[in-house]
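Here are the chains, one letter per residue:
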Amino acid sequence: MARGVALVAALATLGCLKESSDDRPTREAVSAASASASGLPVIAPAATSADDGQWTMPQKDYANSRYSSLAEITPENAKNLKLAFTFSTGILRGHEAGPLVVNNTMYVVTPFPNYLYALDLTKEGAPMKWRYDPKPAASAQGVACCDVVNRGAVYYDGKIIYNTLDAHTVAVDAKDGHEVWNTKVGDINLGESVTMAPLVAKGKVFVGNSGGEFGVRGWIVALDAGSGKIAWRAYNTGPDSEVKIGPQFKPFYDQDKGKDLGVKTWPGDAWRTGGANVWGWLAYDPELDLLYHGTGNPGPWNPEQRPGDNKWSSGIFARRPDDGSAVWYYQWSYHDTFDYDGINEQVLLDMQFGGRPRKVLVRAERNGYVYVLDRQTGEVLSATPFGFVNSSKGVDLKTGRLIYATDKQPKLGEVTRNICPSSPGMKDWQPTAYSPRTGYLYIPHQNLCMDHEAVEANYIAGTPYVGMIAKFTSGPGGNRGVFQAWDIVNRKEVWSIPEKFPVWSGTLVTAGDVAFYGTMDGWFKVVNAKTGDVVWKFKTGSGIIGQPITYKGPDGHQYVAIMDGVGGWSGAIVAGGIDPRDSTAALGFVNAMKDLPAATTKGGMLYVFSL
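This report concerns the structure included in the present document. Values in this document were obtained by computation on a predicted structure and should not be read as measured data. (Residues numbered from 1 in each chain as written. Predicted model: local features only at pLDDT ≥ 70, side-chain atom pairs only at ≥ 80, totals over all residues. Heavy atoms only, no water.)

Before going further, it helps to examine the overall build of the protein. The number of helices and strands found in the protein is three helices and 41 strands. Its C-alpha atoms give the protein principal-axis dimensions of roughly 60 × 60 × 50 Å. Summarising the internal contacts of the protein: among those between residues at least 6 apart in sequence, 64% fall at separations of at least 24. When the accessible surface of the protein is split by element, carbon and sulfur atoms take 50% of a total near 19000 Å². (Helix = DSSP H or I, 4+ residues; strand = E, 2+ residues; numbered from the N terminus. Contact = heavy atoms within 4.5 Å. Areas by Shrake-Rupley, 256 points an atom, 1.4 Å probe, with all protein chains shown as cover.)

Right, here's the structure in full:
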């Protein structure tokens, strides 16, 4: 048999709603170093309950698998998919969230003004049961760097919990839509906003702030899920006491050991406006009792204004959910010079690596590498490029350090050309999916490079604090997007589908061996998860940057749902009506998307399909 890796996915969902899956992650290598995995047979899946056909959190489970054991839709019958119903949100900005499905009700969250809709799946056409309006402050739109998006809600203990753009977290009764609690977690006057989807574990709601381009100080906060009261807050820059670094903190690498590195690795008081926000995806391991969260880019983008490693930005923390205590940290991109935020999703898997069992964390990172980390210690086991990278030359597996390419480093007043990947990275926020049936990680991503020029940035609270002029361009081959199946065991691409525009949607994979994703020119596609053959596609009214989900309807059949509504950073030229003649608009993204307005228009529609 082919060389294999024994794995089990750690897939535990919220409350009593659980799902299981077996998995097959990886063995990888990078520039000068490599790691090996022993060839062992795949073991049985973990003893957890079968998929209940609901979708109660954006990630599907704590392990961020986005895998469903529903299998009615297959490569053979996907051609028979038909539109079951649609629903318009009435909002014409970027729709990055996926719906939730709980107890035969579908819940849809919109971009600003962050409406929450409940749809009755037991009735024909899924009519609206109620709408909740959180009434966020209109001024929050002015501190949203990259469209007024929202990345989803979570169901917990009879409540739908989500964040609003003006830095509030709200809990809404899932039955009737009344507000249970509403907690202010940040300050829009400082440039803070919240766009991420929360995660709930052990009775706490975990939320982080956005605003790295406004010079805010990044944090993650835990709220009591019953009352909304703030239980703890941990900052990602500053002294150890505020980062919650204490006796439990045991990082694997020497450069992360020392007192108050969140201050000492910054010049002066620059850590106070240093970014390192938590605006991406969280994961939780119930067995290890560890919460995993990434940290965003340091501010400003101009690296000459902040010499040093700039901890704890562009990295990942493992924390205790009860009190926020840091257990370990790893920095994907030290002294981040390209805006390679470290906020992408991490997929939690159990595997044999180097001849012994390892609990690993697999991540397609913005800097262009698929990483495998030991999630107990933070050790990098492997890191492999999953596209064209020239901004770095690999990862030193002895030190864990990214090896930057010196000729691509931005300089004050000078233009550095053809840096690949560009600031959105090889892959931005758009989440991957992992199938235990194929052993593949399905990666939606972009193929973009950029020209960079550093300029001086001046900090004024609540205003942009960037210090970089950028222009993005298409990468090698000319296609700006890729949908890719990645074999983690053999650390290589299995197949890929080039797309004209960045693949900014999330993805979904099922036990029917089909994967789903959307394109920015409005195609919703179903792909044979083994071969990469497109077996069905449907043209929606607007570009797709949302997250597909699947569920079992009241009739016992499988359904799949997706939101359209182009926007986000990549689609700002359409959603924000930006003049394409300004090549540096949207922090450089407009230069690469000048033809998008001719390919799609604004939207905000839910589409649901079944056989």
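So, on to the sheet that holds strand S11 (residues 159-164). On the basis of which strands lie adjacent, the open sheet formed by four strands has the order S10-S11-S12-S13 and antiparallel pairing. Looking along the sheet, the strands with just one partner apiece sit at the ends: strand S10 (154-156) and strand S13 (179-184). Averaged over all adjacent pairs, the angle separating strand axes in this sheet is 20 degrees, with direction ignored. Judged from the six bridges that link them, S11 and strand S12 (residues 168-173) form a sheet pairing that is antiparallel. When the sheet's bridge partners are listed, Ile160 is paired in S12 with Val172. (Pairing = 2+ DSSP bridges. Axes fitted to C-alpha atoms, helices over the stretch in contact; angles between N-to-C directions.)

Within the structure shown, the criterion is met by 32 salt bridges. Residue Asp322 pairs with Lys202 through a salt bridge whose shortest N-O separation is 3.1 Å. Of this pair, Asp322 sits in the loop between strand S20 (315-319) and strand S21 (326-331) while Lys202 is found in the loop between strand S14 (199-201) and strand S15 (204-208), placing the two residues 120 residues apart along the sequence. Judged by relative accessible area, which is 43%, Asp322 ranks as partly exposed. (Salt bridge = Lys/Arg side-chain N within 4 Å of Asp/Glu carboxyl O. Buried < 20%, exposed > 50% of the residue type's maximum accessible area, 1.4 Å probe, protein only.)

Following the criterion strictly, the structure yields two disulfides and no others. Disulfide pairing is shown between Cys145 and Cys146; the S-S distance is 2.1 Å. One quick way to see it: the torsion about the S-S bond of Cys145 and Cys146 is about -80 degrees, and its sign makes the bridge left-handed. Of the residues examined, Cys145 reaches a relative accessible area of 37% and is grouped as partly exposed. Along the protein, the cysteines engaged in disulfide bonds are linked according to the scheme 1-2, 3-4 when indexed in sequence order. (Disulfide = S-S within 2.5 Å.)

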